[in-house]
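Notes for the structure review
This is what each chain is made of:
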Amino acid sequence: MILIDYNQIALSNIIIQKLNDENMIRHMILNSIRMYNKKYRDDYGQMVICCDGPNTWRREYFPEYKANRKKGRDDSGLDWNEIFRILNLVRDEISTNLPYKVLHLDGCEADDIIGTLVLETQEFGKDEPVKIVSSDKDFIQLQRFKNVSQFSPIQKKEVKDKNPRTYLFNHIIKGDSGDGVPNVKSADNTFVEEGLRQTPIRAKQIEEWLDNSEKLSEVMDSEIYRNYQRNKTLIDLTEIPENLSTSIINKFNNTKKPMQMRVLNYLIKKRCNQLIESVEEFYNNG
């Protein structure tokens, strides 16, 4: 199974190349999908396009989640309303015309879809090989499963860590400033209130907590442990609410891939002339 982090691979190119034209963005997305399908289909089978949906459950749980993303976008000089219109349009075109399952659910991010599908491969001896295509290091935690590997489109190399379990623990302790998640010694509003900064954590302290990870409620004070639980809920992909993971599995099982014969007509209709010659590279072996 090839799991594509749709928004992540698209936005990284849009930001770097300052793209804002519908045809250019469409071609870039389709060409990326073609390239990864050709590269991985023989070893990993079917491709699944995993997309961010509206109203992520994480923001309901933690209102400060990704709260500063809008400011960063406003400062970028790009027309984000137009960019997201195009991303959504192309996503829907892919779901209708390309031979892949496209998963897009209200309340779920691509992280939730990828995490859930990886966990599902551990059930009932399925254990099929999985390639995650994303530069997001949140997925390193999934490498604790032997059937999972990850390729970063930005770095153009495999993402690896010798100890994914330790990486996850450290990630929870340190938080994720890019997502607005403070470290465990810092308050919820650290990244949204002007003038606030994170409380530093010594490496020795993290090592002590790691050594006592089975009894953190005993070795952390109540506020730090409360923040640890906050971060674990937001970062650990085994914490996805059960109703959402069930919806993801049901959507995956009930989604039918379009026939491969639709690809050529779609590329012709959208005048993707450079891609027409490589139409067979969109076909999937899964």
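A brief report on the enclosed structure follows. Each chain carries its own residue numbering, running from 1 in the direction its sequence is written. pLDDT decides what is reported in this predicted model: residues at 70 or higher carry local features, side-chain atom pairs at 80 or more are listed and counted, and totals for whole chains, interfaces and linings draw on all residues regardless. To obtain the side-chain values, all non-hydrogen atoms of the structure were used and water was disregarded.

For the rest of this paragraph, the subject is the overall build of the protein. For the protein, the helix and strand inventory stands at 13 helices and six strands. Over its C-alpha atoms the protein spans a radius of gyration of 20 Å, differing by no more than 12% from the 19 Å that the globule rule assigns to 286 residues. With the principal axes as the frame, the protein shows a C-alpha extent of 60 × 50 × 35 Å. Out of the 286 residues in the protein, the part that is buried amounts to 51%. Secondary structure follows DSSP: runs of H or I at least 4 residues long count as helices, runs of E at least 2 residues long count as strands, and numbering of each begins at the N terminus. The globule rule used here is 2.2 Å times the number of residues to the 0.38 power, and the radius of gyration it is set against is calculated over C-alpha atoms. Burial classification: accessible surface area is computed with a 1.4 Å probe over protein chains only, and a residue below 20% of its type maximum counts as buried, one above 50% as exposed, and the rest as partly exposed.

Within strand β5 (residues 148-152), five of the five residues are buried, which leaves it mostly tucked inside the rest of the structure. For two strands to pair, DSSP has to find at least two bridges joining them. Of the pairings in the sheet, the one linking strand β4 (residues 130-133) to β5 comprises four bridges and is parallel in character. Residue pairing for β5: V133 is matched across the bridge by F151. Sheet analysis places β5 next to strand β6 (residues 157-159), joined by three bridges and oriented antiparallel. Its bridge partner being in β6, F151 is matched across the sheet by E158.

Axis definition: a line fitted to C-alpha atoms, limited for helices to the stretch in contact. Angles are taken between N-to-C directions and run from 0 to 180 degrees. Two numbers describe how helix α6 (residues 110-120) lies on helix α11 (residues 242-254): the axes approach to 10 Å, and their chain directions differ by 75°. With respect to α11, the axis of α6 lies roughly perpendicular. Residues D112, I113, T116, L117 and E120 of α6 lie in contact with α11, whose contacting residues are S245, I248, I249 and F252. In this classification, the charged set is Asp, Glu, Lys and Arg, the nonpolar set is Ala, Val, Leu, Ile, Met, Phe, Trp, Tyr, Cys and Pro, and all remaining amino acids, among them Gly, are polar. By residue class, the composition of the contact of α6 with α11 is five nonpolar, two polar and two charged. Any angle that falls under 35 degrees is termed roughly parallel, while one over 145 is termed roughly antiparallel, one within 65 to 115 roughly perpendicular, and all others oblique. Should any heavy atoms of two residues lie within 4.5 Å, those residues are counted as being in contact.

Time to look at the state of the cysteines. Cysteine sulfur atoms are paired as a disulfide whenever they fall within 2.5 Å. A complete count under the given rule lists zero disulfides for this structure. The structure places no disulfide on C50, whose sulfur is separated from the nearest cysteine sulfur, that of C51, by 7.2 Å. For C50, a relative accessible area of 0% translates into the label buried. Here C272 is not cross-linked by a disulfide; its sulfur's nearest cysteine counterpart is in C51, at 18 Å. Here C272 falls in the buried class, since its relative accessible area comes to 5%.

Below, the discussion takes up helix α1 (residues 6-17). For a helix, the expected span equals 1.5 Å multiplied by the number of residues minus one. For α1, with twelve residues, the first-to-last C-alpha span of 17 Å sits near the 16 Å given by 1.5 Å per residue. For α1, every residue scored as buried is listed here: Y6, N7, Q8, I9, A10, L11, S12 and I14. Against β1 (2-5), α2 (22-44), β2 (47-50), α5 (80-97) and β4 lie the buried residues of α1. Looking one or two places after α1, you find K18, whose phi comes out positive at around 55°.

Once that is clear, we can look at the nonpolar core. The biggest cluster of nonpolar side chains holds 38 residues, and the ones touching the most others in it are I29, L30, I49, L87, I94 and L267. At the level of elements, β1, α1, α2, β2, α5 and α12 (262-269) are the ones that each hand at least two residues to this core. Filtering out sequence-adjacent residues up to four positions away, I29 remains in contact with Y6, A10, L87, V90 and I94. In this description, a nonpolar core means a group of buried Ala, Val, Leu, Ile, Met, Phe, Trp, Tyr and Cys residues linked to one another through side-chain atoms lying within 4.5 Å.

Distances and angles like these do not, on their own, reveal function.
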